[in-house]
Amino acid sequence: MANEAHTDVFQEVHVPEAGHETGFPPFNAETFASQLIWLAITFGLLYMLLSRVALPRIATVLEERRDRIADDLDQAAQSKAKTDEAIAAYEAALADARAKAHEIAQKTRDELTAETDRQRHEIESELSDKATAAEAEIQASKTAALANVAGVATEVTSAIMSSLLGEDSDKAAVEKAVAASLRRGDA
Amino acid sequence: MASGAEQAGGGFPVDPLHQFIVHPIIPIHIGGIDASFTNSSLWMVVTAVAVFAFSFFAVRSRAMVPGRMQSAVEMVYQFIADMVRDSAGHDAQRFFPFIFSLFMFILFANLIGLFPYAFTVTSHIIVTFALAATVFLGVTIIGFVLHGPKFLGLFVPSGVPMLLLPLVVMIEVISYVSRPISHSVRLFANMLAGHITLKVFAGFVISIGAMGGIGIAGAVLPLAMIVGLTALELLVAALQAYVFAILTCMYLHDALHPSH
């Protein structure tokens, strides 16, 4: 190769007439046939190889990449949808729990209030029972006392009458007068 | 170097056309036709192998996250796919492999041709014309197969007065038929001119440098020019491949949608 190159330079420098022997080289018709034949062979083969082998492969690679990117984008969108769903579920659960907690608190409060009320009522009724019993007792004592008062008054009156009059008084008349006097006193 | 300039006897030391000479490496003759494997054929093979290697081995790992080479192949693929879709329409996707092959073959041929001692396949009119003629014939056949006689409607713009119609149709036909010529000459002339310019400036470096002393200092200027021109040629190599491909897309668009 190097040798050939040297020869080329040698020819170009030393034999400037060599090029002109055949005229303008690109218009030298003697070389046309060979150039056409070899162009047809090389370009034809290149076209065949590119269109059958190389280009479909590049197209496949590009298509695979495009598909992959589209797939990945799809997946990302799906993941995002899932995330949104999870967030929504979480929020729903949270709201649910809050509502439940509120409910439980309310229930407990209500229960406690009811219990307190019940106990208060119990105590109150107990107290009122006791008060009623006491009142009844007082009434009984009062009635008894009053009954005694009548007896005592009658006896005292009889005693006074007998000491004043010196004789036993009419017991029935005294009782009647005392009762009337007591009734007057009551009124 | 100096002796070379002296031997040339004041003439230009470097023949800028020498690089375009096609010479046989393996002479092959089939039935009187010269099918020799030439330096041009060699670089066509190199170009095709390079394109295939680039588009095949870079995606070997089929990585989901591409490496550098795979990324480059994918970018070119997307670039051509977008160009075909935008310039030729959605129904042109089945011609994508052809446009891709065409673009890559021309791009690699142009770029490989920039290496010193490499032969520039696309600097020969017969090669670019063969490619352009393939496009022209293919597009015309596709047009007639898809639309039948209606494809001729491409030459009859609507809204033209009857009186002017014959003239307009004639102009349209001529412009259509001259497509392969402009299509091929554009690429061929760009590559040819670029390489000749590079060689001429290289010649300046040698002939000025041969003067010795000040000459060697002066030779830096054309050398700097070569550096700049090489950068420009890189741009032209890519641009012309793109122009060739996008024009093919536009012609294809005409064949697929002939209504003016």
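Residues numbered from 1 in each chain as written. Chains lettered and ligands numbered in written order. Predicted model: local features only at pLDDT ≥ 70, side-chain atom pairs only at ≥ 80, totals over all residues. Heavy atoms only, no water.

1. Observations regarding the overall build of chain A
Then, in step 1: What chain A contains, in helices and strands, is three helices and zero strands.
Then, in step 2: In sequence order, the secondary structure elements of chain A are arranged as α-α-α.
Then, in step 3: The burial tally for chain A puts 15% of its 187 residues in the buried class.
Then, in step 4: Roughly 13900 Å² of accessible area belongs to chain A as shown, and the carbon and sulfur atoms make up 60% of that amount. (Helix = DSSP H or I, 4+ residues; strand = E, 2+ residues; numbered from the N terminus. Buried < 20%, exposed > 50% of the residue type's maximum accessible area, 1.4 Å probe, protein only. Areas by Shrake-Rupley, 256 points an atom, 1.4 Å probe, with all protein chains shown as cover.)

2. As for the confidence of the model for chain A
Detailed reading of the predicted coordinates is not advisable wherever pLDDT is low.
All names here are of chain A.
Then, in step 1: Scored by pLDDT, chain A has a mean of 84; 86% of the residues are at 70 or more.
Then, in step 2: Per-element confidence in chain A is highest for helix H2 (residues 32-165), whose mean pLDDT is 92, and lowest for helix H1 (residues 2-14), whose mean pLDDT is 45.
Then, in step 3: Low pLDDT, under 50, characterises residues 1-21; the stretch is placed with 25 contacts to residues that sit more than four places away or in other chains. (pLDDT = per-residue confidence, 0-100. Contact = heavy atoms within 4.5 Å.)

3. A word on the interface of chain B and chain A
Then, in step 1: Contacts between chain B and chain A engage 59 residues on the former and 44 residues on the latter.
Then, in step 2: When chain B packs against chain A, close to 4900 Å² is buried across both sides, 73% of that on carbon and sulfur atoms.
Then, in step 3: Linking chain B with chain A are one salt bridge, by the criterion used here.
Then, in step 4: Linking chain B with chain A are seven residue pairs in polar contact (both at pLDDT 80 or more), by the criterion used here.
Then, in step 5: Secondary-structure elements contributing two or more residues to the side of chain B that touches chain A are helix H1 (2-7), strand E3 (33-34), strand E4 (37-38), helix H2 (39-57), helix H3 (68-88), helix H4 (96-112), helix H5 (125-147) and helix H7 (179-209) of chain B.
Then, in step 6: Tallying contributions element by element places H2 of chain B first for the side of chain B that touches chain A, with ten residues.
Then, in step 7: Of the residues in the side of chain B that touches chain A, the class split is 39 nonpolar, 14 polar and six charged. (Buried area = accessible area lost by both parts, 1.4 Å probe. Salt bridge = Lys/Arg side-chain N within 4 Å of Asp/Glu carboxyl O. Polar contact = N/O pair within 3.5 Å; in protein donor to acceptor, adjacent residues only side chain to side chain. Nonpolar A, V, L, I, M, F, W, Y, C, P; charged D, E, K, R; others polar.)

4. Concerning the packing of H3 of chain B against H4 of chain B
All names here are of chain B.
Then, in step 1: At a minimum axis distance of 10 Å, the contact between H3 and H4 shows a crossing angle of 120 degrees. Put simply, H3 runs oblique to H4. With respect to the hand of their crossing, H3 and H4 are arranged in right-handed fashion. Touching Val76, Tyr77, Phe79, Ile80, Ala81, Met83 and Val84 of H3 are Phe96, Ile99, Phe100, Phe103 and Met104, all from H4.
Then, in step 2: Of the residues belonging to the contact of H3 with H4, the class tally is twelve nonpolar, no polar and no charged. (Axes fitted to C-alpha atoms, helices over the stretch in contact; angles between N-to-C directions. Parallel < 35°, antiparallel > 145°, perpendicular 65-115°, else oblique. Left-handed = near helix turned anticlockwise from the far one by under 90°.)

5. Some remarks on H3 of chain B
Then, in step 1: Spanning 21 residues, H3 of chain B covers 30 Å between terminal C-alpha atoms, matching the ideal 30 Å at 1.5 Å per step.
Then, in step 2: Listed as buried for H3 of chain B are Gln70, Val73, Glu74, Val76, Tyr77, Ile80, Ala81, Met83, Val84, Ser87 and Ala88 of chain B.
Then, in step 3: Residues of H3 of chain B that are buried in the fold lie against H2 of chain A together with H2, H4 and helix H9 (220-256) of chain B.
Then, in step 4: Looking at the residues trailing H3 of chain B, positive phi occurs at Gly89 of chain B, about 100 degrees. (Expected span 1.5 Å × (residues − 1).)

6. With respect to the nonpolar core
Then, in step 1: If you look at the biggest cluster of nonpolar residues, it comprises 71 residues, and the most contacted ones within it are Ile80 and Leu252 of chain B.
Then, in step 2: For this core, the secondary-structure elements that each account for two or more residues are H2 of chain A together with H2, H3, H4, H5, H7 and H9 of chain B.
Then, in step 3: A total of 13 residues in this core trace back to one element, the largest contributor, which is H4 of chain B.
Then, in step 4: Residues contacting Leu252 of chain B, with those up to four places away along its chain left out, are Ala88, Ala92, Phe95, Ile99, Val139 and Ile142 of chain B.
Then, in step 5: By size, the runner-up hydrophobic cluster in this structure holds seven residues, among which are Leu198, Phe201, Ile226 and Leu229 of chain B. (Core = buried A, V, L, I, M, F, W, Y, C linked by side-chain atoms within 4.5 Å.)

7. Focus: the packing of aromatic side chains
The relative placement of two aromatic rings is captured by the distance of their centres and the angle of their planes.
Residues and elements named next belong to chain B.
Then, in step 1: Summed over all chains, the structure comprises 19 aromatic pairs over all chains.
Then, in step 2: Measuring from ring centre to ring centre gives 4.9 Å for Tyr77 and Phe96, while their planes differ by 70 degrees; the resulting arrangement is edge-to-face. Placement of the pair is Tyr77 in helix H3 and Phe96 in helix H4, with a sequence separation of 19 residues. With respect to class, Tyr77 is no different from Phe96; both count as buried.
Then, in step 3: A centroid spacing of 6.3 Å and a plane angle of 55 degrees characterise the contact between Tyr77 and Phe100, whose relative ring orientation is tilted. With Tyr77 in helix H3 and Phe100 in helix H4, this residue pair connects regions lying 23 residues apart in the sequence. Per residue, the accessibility class of Tyr77 equals that of Phe100, and both read buried. (Phe/Tyr/Trp six-rings, centres within 6.5 Å; stacked < 30°, edge-to-face > 60°.)

8. Thoughts on the environment of Pro27 of chain B
All names here are of chain B.
Then, in step 1: Mapped onto the elements, Pro27 comes out in the loop between strand E1 (24-26) and strand E2 (29-30).
Then, in step 2: Residue classification places Pro27 among the exposed residues on the basis of a relative accessible area of 58%.
Then, in step 3: Sequence-wise, Pro27 and Phe103 are 76 residues apart; in three dimensions their C-alpha atoms are separated by 30 Å.

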